[in-house]
Each structure stands twice: as structure tokens, then as C-alpha cells.
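Structural characterization, general
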Amino acid sequence: MASHRKPSPRIAAIPGPRAAIGITSAALATVTLLSESASAAPAKPQPTIAQVQAEVDSLNHQAEVASDQYDQAAQNTATQRQKADALLDQLAQGAQRLNDARRTLGQLADAQYRTGGLGQTAQFLLASDPQQLFEQTHTLDRMTQRQQRALSDYETQQAKTSGARARAASGVQALTLSQQKLAGDKATVQQKLARAQSLLNSLTAQQKAKLAALQKQREEAAARTAAKLAAEQRERAKQSSGSSSGGSSSGGSSDASFAAKAAKAIAFARAQLGKPYVWGATGPNSYDCSGLTQAAWAAAGVTLPRTTWDQVKVGTRVSVDDMQPGDLVFYYSDISHVAMYIGDGQMIQAPHTGAVVDVQPVTEMPIYGVTRPA
């Protein structure tokens, strides 16, 4: 998802013992007062634990946004590399066909020279401007049918090769730009994570304990909200089951199909619990948030795009109240995080650098929206 060195301050020369001989008592008192006044300047206030937590959360969030940008750039780079390779292959094939056409014309020119001087084909090949010679002498009208075909093939291959060369150059340029974007996004992620880690490392043991207690309070609050949501979902499901007991639901078959796929996706995600979050990772040993959801649903036979920004566009949007196990839950207004709902107010996620794939309350972060992939 850089620092600039500041010039070292110039150090003033300190007077030696000789320079101190004529200093009066009043002067010494003045120096002492000035020294005390300077040392009494108010120190920069230390941030509170809540402010530290907010700053770390913000940096982790920024890193996750940059990680999504990195994932997108990596995907674009892979696509551009495939296109560039294909264009270079086309250029190589075109160059071979052009060489074959040139060789055929050369053979015809050589045959004309051996049988009676410099023929029209040789003139055409050796002319500084073959097109002008063609227009002036109407060479094509006097060439044999074989010569006409050879010349026409040469001109066609020359035009194709020129076009292929231009497309290949454009493809290589696009690949270069994608690689530069990839490197920039990678640097941004590393900078954000380094700042967050540096901030945490600067805390004392007592401050770290307070930070852990604050985090626990937040988790407990999220758990209470999630439990309330789960209870409301169970009540609605109970009412819905009672109202539909007299007849069959038209969506029953579809719901059963989704539930079967969701069970496979959830089982895969559960098997990844404890594996580390690594930005840009898609498994099998580590994951970022969208890498985990992509791999989990792939295990159920459903293909998802790589980034959260693209995954949110797939499937059907559902309300938070109607979430079902297997649904994807997207967080924050910039859709920078995604997790999988597993029911009972819980979700599985790959959280952030320094954490592992875990189960948390689905209300742990502000929800942007929910989608049903299948």
C-alpha cells in the first residue's frame, strides 16, 4: 500500500575556560534564569490511549485501502503482461511472415538478374521509394501473376507487421505503467503499517495494557450488538416459518442451493482459522480479506473477483436484517474490508497485518452492505 533527511543543525562553539574569567554574578544569575525559563517550556501533550487506538485503527484502515489498490494493480499487471506477451508473439509471427515474403521477392529478383539484367522486381526492391516507382512505371501491370502475388503478400505482411509493432510497443508501455503502480501501492501499504507498528512500539507496558483493555471493551460492545442482531434474526425466521407452514415457498429450491454452497464456503473459511493475514495474499498459507472470501467461495464452485470493490458488485444485495450464513459483509464507506457471515451474529475474516484469520462479531466495524454471491 519515505522520509526526507533534514540537515543537521549547526552546533555553536562553546567558550573555553578563558572566556569565563570576566563573568559577573549578575550575569551568572541571568544565565541561570534564562536556562530555567527554557527548561520550563510546556512539553508536547502525550496522546491518550483512546487517541492511540484511533490512530492505529486509522493506519490499519488506510493500509487496507492501499492493499485493495495493490490487489487491483497486481491483477491489472497480470492482465497487461498476458496482453503484452500475446502482442509480442504476434509481432514475432508477423516478422517471420514478412521475412518469408521478402525472401520470395528476393528470389524473383535474383532470377530476373540471372536471365537478363536488372528486372522490374529488382528495381522495385532497390528503389529508394518503391511506391513512387510503382506509380511511375506501373510495374504491377507488367509483372507476372506470380510476381504480383509475391509483391501483394509482401505489402500486406509489411502493413501487418507495422501494426503489430505499434500494438506491442503500446502493450509493453501499459505493462510498465502497471508495474510502477504496483510498486507504488506496495510502498504505501508498507509505510502505513510501519507507522502503526512504530506507534505501538512506542507505548510503555502500562499503556499497552490499557490499550488491550480498551480493545476488549470494544469487542464486548460489538458482541452485545451482534447478539441482539442474531436474536432478531431468529425471531424473524421463526415468524416466517410459521406464516409459510401452510404452503410451499417458491424460493425454497433456490435457498437450499445457496445454503449448500454456503456450507462449503464456510467450511473452507473455518479451516483457515489461525492463518496469518498478509496483504496481497490469496492462500493457501495466508490471506488478505478479499483473498479469503474469494478462496472460500471458489471452494464452493463460485468465482469471485479479486478486490472488495469488485466483489461487492457480484450477486444480490440483501439487507443486514436478512443476512444468511455465507453472505459477504462489506465494511466502511470506502468498501475496504470484507468478511463472511457465518450466522448467530458472527463472521469470519482476515483482519489486518499482525492478526490471523478469526471469528468476530459481525458488527465489529461499520457495515457498508451485504451481498449474496450465489
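Residues numbered from 1 in each chain as written. Predicted model: local features only at pLDDT ≥ 70, side-chain atom pairs only at ≥ 80, totals over all residues. Heavy atoms only, no water.

So, the confidence of the model for the chain
Put simply, the chain has an average pLDDT of 77, and 69% of its residues get 70 or more. Across the chain, the secondary-structure element scoring lowest on mean pLDDT is helix H1 (residues 25-39), at 43, and the one scoring highest is strand S2 (residues 328-331), at 98. A low-confidence stretch, residues 1-38 stays under pLDDT 50, and its non-local contacts, those more than four residues away or across chains, total 16 contacts. (pLDDT = per-residue confidence, 0-100. Helix = DSSP H or I, 4+ residues; strand = E, 2+ residues; numbered from the N terminus. Contact = heavy atoms within 4.5 Å.)

A look at the side chain of Asp71
By the element assignment, Asp71 lies in helix H2 (residues 49-116). In terms of polar contacts, Asp71 uses its side chain to reach the side chain of Arg306, at 3.2 Å. With residues near it in sequence (within four places) discarded, Asp71 still touches Gly280, Asp288, Ser290, Arg306 and Thr307. (Polar contact = N/O pair within 3.5 Å; in protein donor to acceptor, adjacent residues only side chain to side chain.)

Here's the deal with the pattern of salt bridges
Applying the stated criterion across every chain yields a total of 8 salt bridges. A salt bridge links Arg306 to Asp288, with the shortest nitrogen-to-oxygen separation between them at 2.9 Å. You can see Arg306 sitting in the loop between helix H9 (289-298) and helix H10 (308-311) and its partner Asp288 sitting in the loop between helix H8 (252-271) and H9, a full 18 residues away along the chain. Judged by relative accessible area, Arg306 falls into the buried class, the value being 9%. With a shortest N-O distance of 3.7 Å, Asp310 and Lys313 are connected by a salt bridge. One salt-bridge network, in which partners are shared between bridges, spans Asp71, Asp288 and Arg306. (Salt bridge = Lys/Arg side-chain N within 4 Å of Asp/Glu carboxyl O. Buried < 20%, exposed > 50% of the residue type's maximum accessible area, 1.4 Å probe, protein only.)

Overview of the sheet that holds strand S4 (residues 346-349)
Pairing is antiparallel across the open sheet formed by 6 strands, whose spatial order is S1-S6-S2-S3-S4-S5. Since the sheet does not close on itself, it has two edges, and those belong to strand S1 (316-318) and strand S5 (358-361), each with one partner. Along the sheet, successive strands turn relative to each other by an average axial angle of 40°, direction set aside. Examined bridge by bridge, S4 and S5 share 4 bridges and lie antiparallel to one another. Looking across to S5, one finds that Gln346 is bridged to Pro361. In this fold H9 packs onto S2, strand S3 (337-343) and S4, with an angle of close to 45° to the strand it touches most, S3. (Pairing = 2+ DSSP bridges. Axes fitted to C-alpha atoms, helices over the stretch in contact; angles between N-to-C directions.)

Digging into unusual backbone geometry
Going from Gly283 to Pro284, the amide bond is cis rather than trans, its omega being 0°. Of note, Ile335 is a non-glycine position whose phi angle comes to about 50°, a positive value. You can see Ile335 is positioned in the loop between S2 and S3. Classification of Ile335 as buried rests on a relative accessible area of 12%.

Structural notes on H9
Burial analysis of H9 places 9 of its 10 residues in the buried class, the great majority of the element. Listed in full, the buried residues belonging to H9 are Cys289, Ser290, Gly291, Leu292, Thr293, Gln294, Ala295, Ala296 and Trp297.

Comments concerning the environment of Tyr341
Note on placement: Tyr341 falls in strand S3. Its relative accessible area of 1% is what places Tyr341 among the buried residues. Through-space distance from the C-alpha of Tyr341 to that of Pro361 is 9.3 Å; in sequence the pair is 20 residues apart.

Concerning the environment of Ala209
Its location among the elements puts Ala209 in helix H7 (residues 205-243). Judged by its relative accessible area of 46%, Ala209 is partly exposed. The sequence separation of Ala209 and Ile49 amounts to 160 residues, and the corresponding C-alpha distance is 9.9 Å.

Remarks on the environment of Asn76
Checked against the element boundaries, Asn76 lands in helix H2. Since its relative accessible area comes to 39%, Asn76 is described here as partly exposed. Linking Asn76 and Leu182, residues 106 residues apart in sequence, is a C-alpha distance of 9.0 Å.

Considerations on the pairing of S3
Two faces, one strand: in a regular strand the side chains alternate between the faces of the sheet. Among the 7 residues in S3, 7 count as buried, and that is most of the element. Direction of pairing for S2 relative to S3: antiparallel, over a ladder of 4 bridges. Paired with Val329 across the bridge in S3 is Ala339. Here S2 hands over to S3 after 5 residues, with Tyr332 in that stretch at a positive phi of 70°. Relative to S4, S3 runs antiparallel, the two being bridged by 3 bridges. Each residue of the ladder has a partner; that of Met340, found in S4, is Ile348.

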